[in-house]
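Results of the structural survey
Residue strings, one per chain:
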Amino acid sequence: MTDTATAEHATHSAPPPLQWGEGLVTGDARMDDTHEEFVALLEALRALPADAQLDPYRELVRHTEAHFAQEDRWMVATGFTPQNCHSMQHNSVLDTMREVEKHHLQGDTEIIGRMADALADWFPQHARSMDAGLAQHLQAMGYDSRTETLADPSRVAGLTQSGCGSSGCS
């Protein structure tokens, strides 16, 4: 490790372990199941030494791609514009996750651990704000995330919500 890398590593403070619990529950059972899987994969990855992280990281990326695609489908089905801020955040996170693998393969063997820590720091706020807001929106629209159907499709006609799904975003 170079002196700079050693200094960066020494100042890097990992967030505490992320645990699934009431504080992350959104109120949508399917979303919560997916989030619980995400937390389990993330924490399993964080527990590994750097030289054993690549394959589990790739699994986390695949899970996250499916996880975000699922939520993005739900948003579009319930009146969000395709380019809403919640989906844009998903795209940004996925773009970063994909770049991390490239940097790892170029020799930055500590980058997966740093990304995993960043995800553990980011995810609770995302779940409590954007995802909890989305869950409320789905419920209000009569959307069943298990069957991915709307009780009354006419409720979505003409909606063009571009916000993130949380009450703090329009």
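In the block above lies the structure referred to throughout.
Residues numbered from 1 in each chain as written. Predicted model: local features only at pLDDT ≥ 70, side-chain atom pairs only at ≥ 80, totals over all residues. Heavy atoms only, no water.

1. Thoughts on the pattern of salt bridges
Counted by the stated rule, this structure contains 11 salt bridges. Arg 146 serves as the salt-bridge partner of Asp 33, at 2.8 Å between the closest nitrogen and oxygen. Of this pair, Asp 33 sits in helix H2 (residues 29-46) while Arg 146 sits in the loop between strand E1 (143-144) and strand E2 (149-150); the two residues are 113 residues apart in sequence, bridging distant segments of the chain. Asp 33 sits in the partly exposed class, given a relative accessible area of 36%. In this structure, Lys 102 and Glu 99 form a salt bridge, with 3.1 Å as the shortest nitrogen-oxygen distance. With a gap of 3 residues between them, Lys 102 and Glu 99 both fall in helix H4 (residues 85-105), about one helical turn apart. (Salt bridge = Lys/Arg side-chain N within 4 Å of Asp/Glu carboxyl O. Helix = DSSP H or I, 4+ residues; strand = E, 2+ residues; numbered from the N terminus. Buried < 20%, exposed > 50% of the residue type's maximum accessible area, 1.4 Å probe, protein only.)

2. Here's the deal with H2
With 18 residues, H2 should reach 26 Å at 1.5 Å per residue; the first-to-last C-alpha distance of 25 Å fits that figure. Where the residues of H2 are buried, they touch helix H3 (54-77) and helix H5 (111-141). With a side-chain oxygen positioned 3.3 Å from the backbone nitrogen of Arg 30, the residue opening H2 is Asp 28. (Expected span 1.5 Å × (residues − 1). Contact = heavy atoms within 4.5 Å. Polar contact = N/O pair within 3.5 Å; in protein donor to acceptor, adjacent residues only side chain to side chain.)

3. Here we look at the environment of His 35
With respect to the helices and strands, His 35 occurs in helix H2. On the accessibility criterion, His 35 (0% relative accessible area) is buried. Once the C-alpha coordinates of His 35 and Leu 24 are considered, the two residues, 11 residues apart in sequence, prove to be 8.2 Å apart. When sequence neighbours within four positions are dropped, the list of residues in contact with His 35 reads Trp 20, Leu 24, Thr 26, His 67, Glu 71, Phe 123, Ala 127 and Asp 131.

4. A look at the nonpolar core
Within the largest apolar cluster, 23 residues are counted, with the highest numbers of intra-cluster contacts made by Leu 42, Tyr 57 and Met 97. Contributing elements (two or more residues each) for this core: H2, H3, H4 and H5. When residues in this core are grouped by element, the largest group, 8 residues, is from H5. With residues up to four places along the chain from it excluded, the contact list for Leu 42 reads Leu 18, Leu 60, Ala 116, Leu 119 and Ala 120. (Core = buried A, V, L, I, M, F, W, Y, C linked by side-chain atoms within 4.5 Å.)

5. Let's talk about H5
Of all the bends found along H5, the most pronounced is centred on Ala 127 and spans about 40°. In the stretch just after H5, Gly 142 is the one whose phi turns positive, near 75°. (Bend = angle between axes of the 7 residues up to and from the residue.)

6. Here we look at the environment of Pro 49
As for its placement among the helices and strands, Pro 49 is situated in the loop between H2 and H3. Overall, Pro 49 belongs to the partly exposed group, its relative accessible area being 48%. It is 10.0 Å that separates the C-alpha atoms of Pro 49 and Thr 109, two residues lying 60 residues apart in sequence.

7. Focus: the packing of aromatic side chains
The geometry of an aromatic ring pair is captured by the separation of the ring centres together with the interplanar angle, meaning the angle of the planes. According to the stated counting rule, one finds 3 aromatic pairs in the structure shown. Note on Phe 38 and Phe 123: the rings are 4.9 Å apart at their centroids and 40° apart in plane angle, and the pair reads as tilted. On the criterion of sequence distance, the pair formed by Phe 38 in helix H2 and Phe 123 in helix H5 is long-range, its members being 85 residues apart. The buried category is assigned to Phe 38, whose relative accessible area is 0%. Note on Phe 123: relative accessible area 1%, which makes it buried. Of the aromatic side chains, those joined through ring pairs into one cluster are Phe 38, Phe 68, Trp 122 and Phe 123. (Phe/Tyr/Trp six-rings, centres within 6.5 Å; stacked < 30°, edge-to-face > 60°.)

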